[in-house]
Amino acid sequence: MPRWRKLGRVFDPATVTGRPWLKSFAQAPAALVCDDVVRMYFSCRPDPDADGRYVSYSAYVDLDRSDLFKIRSVADEPILPLGGTGTFDEFGTYPVSVIRTGSEVRAYYAGWTRCVSVPFNTAIGCAVSRDGGRRFERLGPGPILPYSPDEPFVMSGPKVRRFDDAWYLFYIAGRSWKLVDGCPEPVYRIRMATSSDGLSWAKANRDLIPPRIEADEAQASPDVFEAGGRYHMHFCYRYSAGFRSHERGYRIGYAWSTDLLHWTRDDTRCGIDVAAEGWDSQMISYPHVFAVDGRIYLAYLGNEVGRGGFGLAVLDGLLD
């Protein structure tokens, strides 16, 4: 059975100075392997405003390719500004997934806006970089994967992959808002869309992963990696209520497939869990699998969904 051996926390936003827009959180790490660095994208926040409300930005940290615990640089500014008034990403971008296509780098991201009856809503947008992934420009002011009759809210968590010249976008879609102690909390499930160009998407219109811990289980961050003749999905899941506590917080799950549409869930094979103590002892979430120089790594968040940054684990054994 594969095992992810934890290497430790790589990046803590509290160590960064001189960037008032990057005060806390380094959420949803996503790797872009470059010649001499691994550029890890993440989402962060400045201090809240006078009313206690946050916005979120996406940025990156460059890790030395020969030593992923050696930080070479941190982005001088967010990769995207906040969206315009009334747009789907007016108040932030989180999370982001990146991929090369020709000379460009594309970022697929969830843009979010504030609401009245519920705290927020999200849709999935796309932006393009022509300078190697430092700065991005939106394709337009609207999302490329918006709400629909079957997926009415909380379109988020995009993870983009290419298999056999086809584009795949794994994401989450909201099922319901559940009232917990007077506050609405979202319940969402993992879904998928396909494309020939990465711009026009056909939704599969089905949940991919069945719930395990309860009927209202929320699932996020569906990252798919191909190895050993199978497709391997690592994702995270939580209870619908009380999930900010240690016992009911996010954990990482696992499923496998041979056709990318039908998945067998087996969380006993995820190969990683919370630590006995420290920065990832209360929860682990938002897994991202990537390969560098013959080794396979898993980036993930620790306590409070990445408030204190992200870490790395390396695969011992094989994904099969």
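Everything that follows concerns the structure shown earlier in this document.
Before going into details, it helps to say that this report is about the structure given with it. (Residues numbered from 1 in each chain as written. Predicted model: local features only at pLDDT ≥ 70, side-chain atom pairs only at ≥ 80, totals over all residues. Heavy atoms only, no water.)

## Focus on the overall build of the protein chain
Here is step 1: A count of helical and extended segments in the protein chain gives 1 helix and 20 strands.
Here is step 2: Relative to its length of 320 residues, the protein chain is compact, with a C-alpha radius of gyration of 18 Å against a globular reference of 20 Å.
Here is step 3: Each of the three principal axes of the protein chain carries a C-alpha extent, and together these read 50 × 45 × 45 Å.
Here is step 4: In the protein chain, buried positions account for 57% of the 320 residues.
Here is step 5: A separation of at least 24 residues holds for 53% of the contacts in the protein chain among residues at least 6 apart in sequence.
Here is step 6: Split by element, the accessible area of the protein chain, about 13200 Å² in all, is 48% carbon and sulfur.
Here is step 7: Charge separation in the protein chain, taken as the distance between the mean sites of 38 positive and 40 negative side-chain charges, equals 1 Å. (Helix = DSSP H or I, 4+ residues; strand = E, 2+ residues; numbered from the N terminus. Rg over C-alpha atoms; globule rule 2.2 N^0.38 Å. Buried < 20%, exposed > 50% of the residue type's maximum accessible area, 1.4 Å probe, protein only. Contact = heavy atoms within 4.5 Å. Areas by Shrake-Rupley, 256 points an atom, 1.4 Å probe, with all protein chains shown as cover. Lys, Arg positive; Asp, Glu negative; His and termini not counted. Charge placed at Lys NZ, Arg CZ, Asp CG, Glu CD.)

## Describing the packing of aromatic side chains
Here is step 1: Taken as a whole and judged by the stated rule, the model has 20 aromatic pairs.
Here is step 2: Measuring from centroid to centroid gives 5.0 Å for Phe163 and Tyr231, while their planes differ by 65°, and the two rings are edge-to-face. Taken together, the residues span a long stretch of sequence, with Phe163 in strand β10 (residues 156–163) and Tyr231 in strand β15 (residues 230–238) at a distance of 68 residues.
Here is step 3: Classification of Phe163 as buried rests on a relative accessible area of 8%.
Here is step 4: You can call Tyr231 buried: its relative accessible area is 10%.
Here is step 5: Stacked on the ring of Phe25, the Lys or Arg Arg45 has its end atom at 4.0 Å from the ring centre.
Here is step 6: Over the face of the ring belonging to Trp256 we find Arg230, whose NZ or CZ atom lies 3.8 Å from the ring centre. (Phe/Tyr/Trp six-rings, centres within 6.5 Å; stacked < 30°, edge-to-face > 60°. Lys NZ or Arg CZ within 6 Å of the ring centre and 35° of its normal.)

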